[in-house]
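What follows is the residue order along each chain.
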Amino acid sequence: MIEKRKVIIDTDCGSDDAMAVALALKEENVDILMFSTVAGNVNVDQATSNLLTTIKMVNTYYPPVYRGSAEMLNRDLVGAADTHGLDGMGDLNLVDYSLKPQEGDGVEMLLKTLREHEDQSIDLITLGPLTNIAHAIGKEPFTMRKIHRVFSM
């Protein structure tokens, strides 16, 4: 039996990220430990809602979702309504309110998850702005060194 790759996914969940999330949730050799959301394609609340709806629609397993950074580091948020629609999902009104995000900050929970696992045992997949990652590095640079690999879109 092949050991599953442990991953954390950080996303600003628009339609492109939703496809990546769906594929990751269906990949039998991947174990998603958690998701963190970030403002980018849409504001962080919409990104969180889009992610929860995606997870519900895929209906495989339900990793915890934590809301992360609502503000950009050095500029105002510029969404991608021209590409992804106002809701980030093509304005299809796909919202499913049955799933809720977990209590806790996405950055803090990312760091906590890394601290709880062996060094170099988790891959980080970033699908949006790296705001959460920058905050995590700023808070605990040595904890962030525990990441095995980073895949960035």
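The structure we're discussing is the one just above.
Note that the structure is a prediction, hence the values are computed from the model and not measured.

Trainee: Quick question: what am I supposed to make of the pairing of strand 1 (residues 5-11) here?
Mentor: On a regular strand, each side chain points to the face opposite its neighbour's, so the side chains alternate between the two faces of the sheet. With five of its seven residues buried, strand 1 lies for the most part within the structure. Here strand 1 runs beside strand 2 (residues 30-37); their pairing, made up of seven bridges, is parallel. Across the sheet, residue Ile8 finds its bridge partner in strand 2, namely Met34. The β-α-β motif built from strand 1, the intervening helix 1 (residues 15-26) and the parallel element strand 2 has right-handed crossover chirality. The pairing of strand 1 with strand 4 (residues 122-126) spans five bridges and is parallel. Paired with Val7 across the strands is Asp123, a residue of strand 4.

Trainee: Please explain the nonpolar core as it appears in this structure.
Mentor: Burial of nonpolar side chains together is a common tendency in soluble globular proteins. Ranked by internal contacts, the top residues of the largest apolar core, which has 19 residues, are Ile9, Leu25, Ile32, Phe35 and Leu51. Of all elements in the fold, only strand 1, helix 1, strand 2 and helix 2 (44-58) reach the threshold of two or more residues within this core. With near-sequence residues (within four places) excluded, Ile9 lies in contact with Ala24, Ile32, Met34, Phe35, Ser36, Ile125 and Leu127. Core analysis: the next-biggest nonpolar cluster, separate from the first, contains 15 residues, Ile8, Leu33, Ile122 and Ile147 among them.

Trainee: Quick question: what am I supposed to make of the sheet that holds strand 5 (residues 147-152) here?
Mentor: Picture the strands of a sheet paired through backbone hydrogen bonds; they go either parallel or antiparallel. In space, the five strands of this open sheet follow the order 3-2-1-4-5, with parallel pairing throughout. What marks the edges here is a single partner per strand, and that holds for strand 3 (65-67) and strand 5. Each strand of the sheet is rotated relative to its neighbour by a mean of 20°, with strand direction disregarded. The sheet contacts of helix 2 involve strand 1, strand 2 and strand 3, and relative to strand 3 the element is tilted by about 170°.

Reading the values: the criteria
Residues numbered from 1 in each chain as written. Predicted model: local features only at pLDDT ≥ 70, side-chain atom pairs only at ≥ 80, totals over all residues. Heavy atoms only, no water. Buried < 20%, exposed > 50% of the residue type's maximum accessible area, 1.4 Å probe, protein only. Helix = DSSP H or I, 4+ residues; strand = E, 2+ residues; numbered from the N terminus. Pairing = 2+ DSSP bridges. Right-handed = clockwise from strand over helix to strand, strands pointing away. Core = buried A, V, L, I, M, F, W, Y, C linked by side-chain atoms within 4.5 Å. Contact = heavy atoms within 4.5 Å. Axes fitted to C-alpha atoms, helices over the stretch in contact; angles between N-to-C directions.

Function-wise, these values are silent; they only describe arrangement.
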